[in-house]
Amino acid sequence: MSTTNKKFFSLECAVQNYHWGKFGEQSTVASLGRMQKNFNFDAEKHYAELWMGDHHRGPSIVQNMSEPTTLTQLLQNNPSLVGENIIKRFGKANLPFLFKVLSVETALSIQAHPNKEHAEILNRTRPDVYQDDNHKPEIAIAITPFEALCGFRPASEILSYFHEVEELLFVVGQKAVDELINAEMATDKKAKDEAVRRAIKGCLSQLMACDPNTIKEQLAKLITRLNECHKKHEDTSLYLGRLLLRVHSQYPGDVGCFVIYFLNYIQLEPFESIFLGPDVPHAYIYGDIIECMANSDNVVRAGFTPKFKDVDTLIEMLDYKPQTVEETKFKPTSCSDDPHVSIYNPPIDDFSVKKIQIPAGNASEYDVQSVKGPSILLTLSGHADVQYETEAGCLATSRGSVFFVGNGEKVKLTNISSNEELLIFQAYCDLV
């Protein structure tokens, strides 16, 4: 493909049909996918992820060109669309991020993502399993009520579950639990923090090393007890009863069902978010999110999955720092000169995300702030025309529209419908 002077492109994006995705009409991914001309909807299929970017497993297709081409090819032939600063920082003319929408029906694997150095080692030593050499920090922004496990609970909460759930204590063992009790009682803060992390690691290691048949037996015992409590209308919140029954129905006998007692159970309302840095354990449980991550598919798994589990690697790499639910949430910042914008700016260079939210009847025109780097725009609701500076072009946008915006391109929204809210998410990389 030849070079181009254009900087604004309509995209058709890859849809992934993983087993954990929502069915048909229930899936936000399917709803957005149906806005694309080549999407073939099947009400019997799971629709899990919409990929917007140039990752080799699902590159977006550029539409408003003389002939369709992948976003990967477009950027390689036109590196100015990425920008000199981005290429210098990341070493190639590709997007440093992958933008997604996820629709989650059943729990995803208990997992973590390696840091950059560890990712390179895993890729070099086990390329059959770890095919990416990049790290994968990611942010999840709820667009419906969303449930996830993320990060380790405070030690006091973990200990409360050892006290209440005898089956958990059985599979971990009293010795490991005693070490956590002793660590929690330490008086020197620095020594306590180190001892608590070491003890949580010890408890999780004992759980993951437990014989699978013992895990199944103890889970069966716990499930029977919880079902009896529900028949008597007894409260099972002390055992995370409803959550346990749900994940066990999806992954019966899986060791991950016990891991819920170690990790924070987080319930996000729309536009609340969590940031998953390197080595943070997590599992998405249910709901729909906007997700942005470094351009990688590197995952180390240990439960809730039929895929390969690399338990030893996961145990050694995890960040065992305990946090509360509120500490685990990631807070966006308001834009001082634009009340319509919230910025999700995690502590990494690879990406940030903006939420542009214009209430119905609030504006007929809006200038999208230009970015000194590449970005992708996704419209979730509303209608408008998108005017772009290069060639004085204009394209319509509505729910499901996805656009790539080249480095420095100026974009203006016009003819904004007054009857409904306009909601757009923008993933971008701007190092300036």
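An unreviewed UniProt entry lists the chain under the name Mannose-6-phosphate isomerase, from Clytia hemisphaerica. Note on the chain: under the UniProt heading Catalytic activity (unreviewed entry), the record states "D-mannose 6-phosphate = D-fructose 6-phosphate". Under the UniProt heading Pathway (unreviewed entry), the entry covering the chain gives this text: "Nucleotide-sugar biosynthesis; GDP-alpha-D-mannose biosynthesis; alpha-D-mannose 1-phosphate from D-fructose 6-phosphate: step 1/2."

A.B. asks: Any chance you could explain the overall build of the chain here in plain terms?
C.D. replies: Secondary structure summary: the chain contains 13 helices and 26 strands in total. On C-alpha atoms alone, the chain measures out to a radius of gyration of 23 Å, which is about the 22 Å that the 2.2 N^0.38 rule sets for 432 residues. When the backbone C-alpha atoms are referred to their principal axes, the chain occupies close to 70 × 45 × 40 Å. Buried residues in the chain amount to 56% of all 432 residues. By sequence separation, contacts in the chain at least 24 residues apart represent 76% of the contacts at least 6 residues apart. When the 42 basic and 57 acidic side-chain charges of the chain are each reduced to a single mean position, those positions are 2 Å apart.

A.B. asks: What's the story with the pairing of strand 13 (residues 273-276) in this structure? I'm lost.
C.D. replies: Each regular strand displays side chains that alternate between the two surfaces of the sheet. Alternating residues of strand 13 divide into Ser273 and Phe275 and Ile274 and Leu276, and every residue in both groups is buried. The pairing of strand 10 (residues 138-142) with strand 13 spans 4 bridges and is antiparallel. What sits directly across from Ile139, in strand 13, is Phe275. Direction of pairing for strand 13 relative to strand 16 (residues 329-330): antiparallel, over a ladder of 2 bridges. Of the residues in strand 16, the one forming a bridge with Ile274 is Lys329.

A.B. asks: Teacher, can you tell me more about the pattern of salt bridges here?
C.D. replies: Pairs can form between side chains of opposite charge once their charged atoms are near each other. Within the structure shown, the criterion is met by 19 salt bridges. One salt bridge connects Lys329 with Glu272, and the closest N-O pair in it is separated by 3.5 Å. Within this pair, whereas Lys329 is found in strand 16, its partner Glu272 is found in the loop between strand 12 (263-268) and strand 13, the two being separated by 57 residues in sequence. Residue class for Glu272 comes out partly exposed when judged on its relative accessible area of 28%. Between Glu365 and Lys412 there is a salt bridge whose closest N-O contact spans 3.5 Å. Residue Glu365 is located in the loop between strand 19 (352-358) and strand 20 (366-368), and its partner Lys412 is located in strand 25 (residues 411-414); the two are separated by 47 residues in the primary sequence. Taken together, the shared-partner salt bridges in this structure form one network comprising Glu272, Glu326, Lys329 and Lys331.

About the criteria used
Along each chain, the written sequence defines residue order, and numbers are assigned to residues from 1. This being a predicted model, a pLDDT of at least 70 is required before a residue's local features are given, and a value of 80 or more before pairs of side-chain atoms are given or counted; all residues contribute to the totals for chains, interfaces and linings. With hydrogens and water excluded, all non-hydrogen atoms of the structure serve as input to the side-chain values. UniProt positions are given in the numbering used here, feature names are shortened, and annotations may be inferred rather than shown by experiment. Only DSSP runs of H or I reaching four residues or more are called helices, and only runs of E reaching two or more are called strands; each is numbered from the N terminus. Values of the radius of gyration come from C-alpha atoms, whereas the globule rule sets the reference at 2.2 Å times the count of residues to the power 0.38. Categorising residues by exposure relies on relative accessible area from a 1.4 Å probe, with only protein chains included: less than 20% of the type maximum marks a residue as buried, more than 50% marks it as exposed, and the intermediate range marks it as partly exposed. Working rule for contacts: check all heavy atoms of both residues, and any pair within 4.5 Å makes them a contact. Just so you know, the count uses Lys and Arg for positive and Asp and Glu for negative, and it drops His and the chain ends. To locate a charge, the coordinates of NZ of Lys, CZ of Arg, CG of Asp or CD of Glu are taken. Paired strands, in this sense, are two strands between which DSSP finds at least two bridges. Salt bridges are identified by distance alone: a Lys or Arg side-chain nitrogen within 4 Å of an Asp or Glu carboxyl oxygen.

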